[in-house]
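# Inside the fold
So you can see what is in the structure, the chains are spelled out below.
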Amino acid sequence: MRRSADIDALQQVLCAALGSRAPVCSLARIGRDAGAFAALDPAVLERPTLVGGGSPHNPTTPAPAAHAVDELVGRAEELGVDQILVPGVRRSDDTGALRAAGFAPVAAGSECVVRLTGEVDDVLRERVGAERLGDLRRHHEEVAHEVTWERIPLSELDGKPWARDAFVELHRRQAERDGGHGNLYNADALDALTQGELAERTEMFVRRGGNTVVQAGLMTTSHNGRGIYCLTQAIDHDAPVVRPGLSDASVYRLYLHARDSGLDWVHLGRGDADRMRRLGADLFIPLDHWLRAPGLAIPEEEGEQALSDFAAPPVTTVPVPGPARFRHVPRFDQIDLSSNTNPFLGADGSYPELDTAELARTYLSTVAKLPGHDGLDALSADHLLFSSGAVDGVLLLLSALASPGEGVCVTPPTFPLYDHFARVLRLPVTEVPLCGEDLSRLDTERILAADPRVTILCDPNNPAGTRLDPAQIHTLLARGRGLVVIDEAYVEFSEKPSYAGLVAQHENLIVLRTLSKAWGLAGARCGIVLAQPGIVEALRRVQVPFGFTNASQRAVRDRLTNSRPVLDSIRRLRAERDRLAEALADHPAVDRVFPSETNFLLVRFHKYERVVAQLEAAGILVAAIGRVVPDTCRITIGDRRANDALLEALSSAL
């Protein structure tokens, strides 16, 4: 919660729970949050502590300004309390006043939010996959046959004493199971909430099996009217009708309620991140408790991500463009009057989400399961930047990491836009052609002699379809002074390893990936740059904000989460590639089929012009690249029907 009036109301609830006029208790008293302080001196856990903020449970506390911190310290002195806690502050908040007053951060996990960007089942399928969605729906349907779902506004609670009594009893028993501490929602606390500022926006939800309440909790609508905070819940695990999936079923039911009410998000509170992901959470906001205690050491403040030494001088003098600089500052629970957009035309009037850290984690964890991708577990979201296609990644890195006059090396035949963008940016280009019968060898000595600022390699190569010699690439990484960029647009079709897992080991390695090819998302325009965090930070400083649309983010997340069709299609495509390559190799119109580790074949024809004309006449479009590699066409692997049509048209050309 971000509004001071709401935090004040929760303070009153906390005081009522403690039976005190002031929110003073031991850290051990606050139950499940006590674990965050376990590594501290045991005396800290038992010392009386002034809690400056809301309940230490699910809602967060905005970082107080300097004057509020002074008031908090003054109040502690009046109460004779040596220890102060400001619970659950977002790391994205300005905590300078807390640090200046002698408070130290203690990691408190993350708050977890489910953003409802569409119908519930569509959102969950995108987030957790079709199989997990099926589990949630099944739990929901099974539970619905045995227990009811009721919502009771707190203003009506006096007329339903059974609900009030059941809520109090379930929370008392839950506190007993947790060791006897942490029941911050006892009868007095519930009464204070019912009579306070939050009462009009808060409902109790209960589930009953017959006349027995088996679950009770509280949810509060946010002050901006866009979402729900789940404040607390307790379950009677001893009740015969309680199934293992009751909690999941209730969360799913809460999503349906929020969506039916036109709300945009559900705040699940803090919890195990992996479990929350399996419930559809897609926003994880790191929190710290800020504690002031005698003798407590204050760690040094972490600075901003340092730029790489490869950053071009102009880039070092400018910050990340305004909106992107605040990408880790969540706005879901604020009233946003800062963007100058039209509020009357729906969700498309809002700018795209800038915090793509969770989507980056999804990409890395998904791709890490593919063969040949060892080492990706060493990468974090800080190693990844989403771009508008891998081609945009090329433009970004040349803009951010090279200055006019610094050389770029390309290895023709290769993707032509490397050369194009380098020349547009007034970067001199050195061409060092690929060698060998299969166009798979580098002239490493010529590349090193050119001493380029950036060497761009296409591996697997476009248009040849072959892979480069790994030993030669390692030579460039070890001996070159500049950056080595490896464009892996087609690597999912290859049976040889990716270089992505080496990014954490090499300061001068950048790997480009795309979801346009194997992942079938060319329309989503999603490229990926994998590099050291200092390089990613440099790229952010030249990237246009909001280029990665919400629709594209949803499409990417859905495809990554439901990746089985993609993997099946890659296997089918490889088989069809091998079939077509074999048929073409035996075809009298064909001089040579180059070996391919991609979704295309480079084919040299005996009568090149005649073949190209015949294919055009048959309505078949291929990439005629005879000017790049003499007498060749690059042929994309289609489905069996399309490939058979190609073979038939080639026979007609004879």
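Residues numbered from 1 in each chain as written. Predicted model: local features only at pLDDT ≥ 70, side-chain atom pairs only at ≥ 80, totals over all residues. Heavy atoms only, no water.

### Here's the deal with the overall build of the protein
This is how the line gets drawn: A run of DSSP states H or I qualifies as a helix once it reaches four residues; a run of E qualifies as a strand once it reaches two. Both are numbered from the N-terminal end. Think of it in three bands: with a 1.4 Å probe and only protein chains considered, a residue is buried below 20% of the maximum accessible area for its type, exposed above 50%, and partly exposed in between. The contact criterion used throughout is that any non-hydrogen atoms of two residues lie within 4.5 Å. Counting rule for charge: Lys and Arg are taken as positive, Asp and Glu as negative, and neither His nor the chain ends is counted. In this description, the location of a charge corresponds to atom NZ of lysine, CZ of arginine, CG of aspartate or CD of glutamate.
Within the protein one finds 22 helices and 21 strands. In terms of overall dimensions, the protein has C-alpha extents of about 90 × 55 × 45 Å along its principal axes. The buried share of the protein, reckoned over its 654 residues, is 54%. Considering only contacts within the protein whose residues lie at least 6 apart along the sequence, 74% involve residues at least 24 apart. Taking the average location of the 70 positive side-chain charges in the protein and that of its 88 negative ones, the two points are 3 Å from each other.

### With respect to unusual backbone geometry
Where the residue is not glycine, phi is negative for most of them; where a peptide bond is considered, it is trans in most cases. A cis amide bond links Pro-412 with the next residue in sequence, Pro-413, at an omega value of 0°. Along the chain, Pro-413 turns up in the loop between strand 12 (408-410) and helix 15 (417-424). The omega angle of the peptide bond from Asp-459 to Pro-460 is 0°, so this bond is cis rather than trans. As for its placement among the helices and strands, Pro-460 is situated in the loop between strand 14 (454-458) and helix 17 (470-479). Although it is not a glycine, Arg-525 adopts a positive phi angle of roughly 50°. Tracing the sequence through the fold places Arg-525 in the loop between strand 16 (509-514) and strand 17 (527-530).

### Looking at the pairing of strand 7 (residues 212-221)
Two faces, one strand: in a regular strand the side chains alternate between the faces of the sheet. Rules: Strands qualify as paired when DSSP identifies two bridges or more between them.
With eight of its 10 residues buried, strand 7 lies for the most part within the structure. With eight bridges connecting them, strand 6 (residues 202-209) and strand 7 associate as antiparallel partners. Bridge pairing in strand 7 places Phe-205 opposite Gly-217. As consecutive antiparallel partners, strand 6 and strand 7 are separated by two residues, and within that stretch Gly-210 has a phi angle of approximately 70°, a positive value. As consecutive antiparallel partners, strand 7 and strand 8 (residues 227-235) are separated by five residues, and within that stretch Gly-225 has a phi angle of approximately 70°, a positive value.

### Topic: the pairing of strand 19 (residues 600-605)
Taken across its six residues, strand 19 has five buried, putting it largely inside the fold. Bridge count for strand 18 (residues 590-593) against strand 19 is three bridges, and the pairing is antiparallel. The residue of strand 19 that forms the bridge with Val-593 is Val-603. Between strand 18 and strand 19, which pair antiparallel in sequence order, lie six residues. Here strand 19 runs beside strand 21 (residues 632-636); their pairing, made up of five bridges, is antiparallel. Bridge pairing in strand 21 links Val-603 to Cys-633.

### A closer look at helix 7 (residues 161-177)
Which entries qualify depends on this criterion: Given the number of residues in a helix, its expected span is that number minus one, multiplied by 1.5 Å.
For helix 7, which comprises 17 residues, the first-to-last C-alpha distance of 24 Å matches the rise-based estimate of 24 Å (1.5 Å per residue) to within 8%. Taken together, the buried positions of helix 7 are occupied by Ala-163, Ala-166, Phe-167, Val-168, Leu-170, His-171 and Ala-175. Residues of helix 7 that are buried sit in contact with strand 5 (150-153), helix 8 (187-194), strand 6, strand 7 and strand 8.

### Overview of the packing of helix 14 (residues 389-401) against helix 18 (residues 533-540)
Formally: Where helices are involved, their axes are fitted lines through C-alpha atoms of the stretch in contact, as for all axes, and angles between N-to-C directions lie from 0 to 180°. Roughly parallel here means an angle under 35 degrees, roughly antiparallel means over 145, roughly perpendicular means 65 to 115, and every remaining angle is called oblique. Note on residue categories: nonpolar means Ala, Val, Leu, Ile, Met, Phe, Trp, Tyr, Cys or Pro, charged means Asp, Glu, Lys or Arg, and polar means any other residue, Gly included.
One way to put it is that helix 14 packs onto helix 18 with a least axis distance of 9 Å and a crossing angle of 95°. With respect to helix 18, the axis of helix 14 lies roughly perpendicular. Residue-level contacts link Leu-396, Leu-397, Ala-400 and Leu-401 of helix 14 to Ile-535, Ala-538 and Leu-539 of helix 18. In the contact of helix 14 with helix 18, the residues fall into seven nonpolar, no polar and no charged.

### Quick look at the sheet that holds strand 18
Pairing between the strands of a sheet comes from backbone hydrogen bonds, and it takes one of two forms, parallel or antiparallel. Reading across from one edge, 18-19-21-20 is the order of the four strands in this open sheet, with antiparallel pairing throughout. Each having just a single partner strand, strand 18 and strand 20 (623-624) make up the two edges of the open sheet. Across the sheet, helix 20 (residues 564-585) touches strand 18 and strand 19, and the angle it forms with strand 19 is around 5°. Where helix 21 (residues 608-617) meets the sheet, its contacts fall on strand 19, strand 20 and strand 21, and the angle it forms with strand 21 comes to roughly 35°.

### Comments concerning empty space enclosed by the protein
The following threshold applies: A pocket, in this scheme, is an open set of points on a 1 Å grid over the protein atoms alone with protein on both sides within 12 Å along at least 5 of 7 lines, while a cavity is a set where a 1.4 Å probe fits but cannot get out; residues line either one if an atom lies within 4 Å of a point. Grid points are joined across faces, edges and corners, and a volume is the space filled by probe spheres set on the points.
What the rule picks out here adds up to one cavity of 30 Å³ or more. Empty space within the largest cavity amounts to approximately 40 Å³. Taken together, Trp-149, Phe-205, Gln-215, Cys-230, Gln-233, Ser-250, Val-251 and Leu-254 make up the full set of residues lining the largest cavity. Taken together, the elements giving at least two residues each to the lining of the largest cavity come down to strand 8 and helix 9 (246-260). Of all the elements, helix 9 adds the most residues to the lining of the largest cavity, at three residues. Grouping the amino acids of the lining of the largest cavity by side-chain chemistry returns five nonpolar, three polar and no charged.

### Description of the sheet that holds strand 13 (residues 429-431)
On the basis of which strands lie adjacent, the open sheet formed by seven strands has the order 11-17-16-15-14-12-13 and mixed pairing. Only two strands of the sheet have a single neighbouring strand rather than two, namely strand 11 (384-387) and strand 13. Sheet twist, expressed as the mean angle between neighbouring strand axes with direction ignored, is 20°. Strands strand 11, strand 16 and strand 17 of the sheet are contacted by helix 13 (residues 357-367), whose axis makes an angle of about 105° with strand 11. Sitting on the sheet, helix 15 touches strand 12, strand 13, strand 14 and strand 15 (483-487), and the angle it makes with strand 13 is about 150°.

### Some details on the pattern of salt bridges
Defined as follows: Salt bridges are defined as contacts in which a side-chain nitrogen from Lys or Arg sits within 4 Å of a carboxyl oxygen from Asp or Glu.
Summed over all chains, the structure comprises 46 salt bridges. Across the salt bridge formed by Arg-138 and Asp-135, the nearest N and O atoms sit 3.0 Å from each other. Separated by three residues within a single helix, Arg-138 and Asp-135 lie in helix 6 (residues 130-146), roughly one turn from each other. Residue Arg-138 is classed as partly exposed on the basis of its relative accessible area of 39%. Across the pair Asp-274 and Arg-277 runs a salt bridge whose closest N-O atoms are separated by 3.1 Å. Separated by three residues within a single helix, Asp-274 and Arg-277 lie in helix 10 (residues 273-278), roughly one turn from each other. Among the ionic contacts, a cluster of salt bridges with common partners joins Arg-115, Glu-126, Arg-127, Asp-282, Glu-353 and Arg-557.

### A short note on the environment of Asp-8
With respect to the helices and strands, Asp-8 occurs in helix 1 (residues 4-18). In this structure, the C-alpha to C-alpha distance between Asp-8 and Gly-196, residues 188 residues apart in sequence, is 9.6 Å.

### With respect to the side chain of Ser-26
Looking at where Ser-26 falls in the secondary structure, it is placed in the loop between strand 1 (24-25) and helix 2 (42-46). Classification of Ser-26 by relative accessible area gives buried; the value is 16%. Excluding anything up to four places from it in sequence, Ser-26 contacts Leu-45, Glu-46 and Arg-47.

### Notes on the nonpolar core
The test is simple: The nonpolar core is taken to be a set of buried Ala, Val, Leu, Ile, Met, Phe, Trp, Tyr and Cys residues, with the residues joined through side-chain atoms within 4.5 Å.
Ranked by size, the top nonpolar core spans 74 residues in total, and within it Leu-515, Leu-530 and Leu-584 carry the most contacts. The element best represented in this core is helix 20, accounting for six residues. Aside from chain neighbours lying at most four places away, what touches Leu-515 is Tyr-363, Gly-520, Leu-521, Ala-522, Cys-526, Ile-528, Val-556 and Leu-560. Grouped together as the second largest cluster of nonpolar side chains are 46 residues, Val-13, Cys-25, Ile-30 and Ala-234 included.

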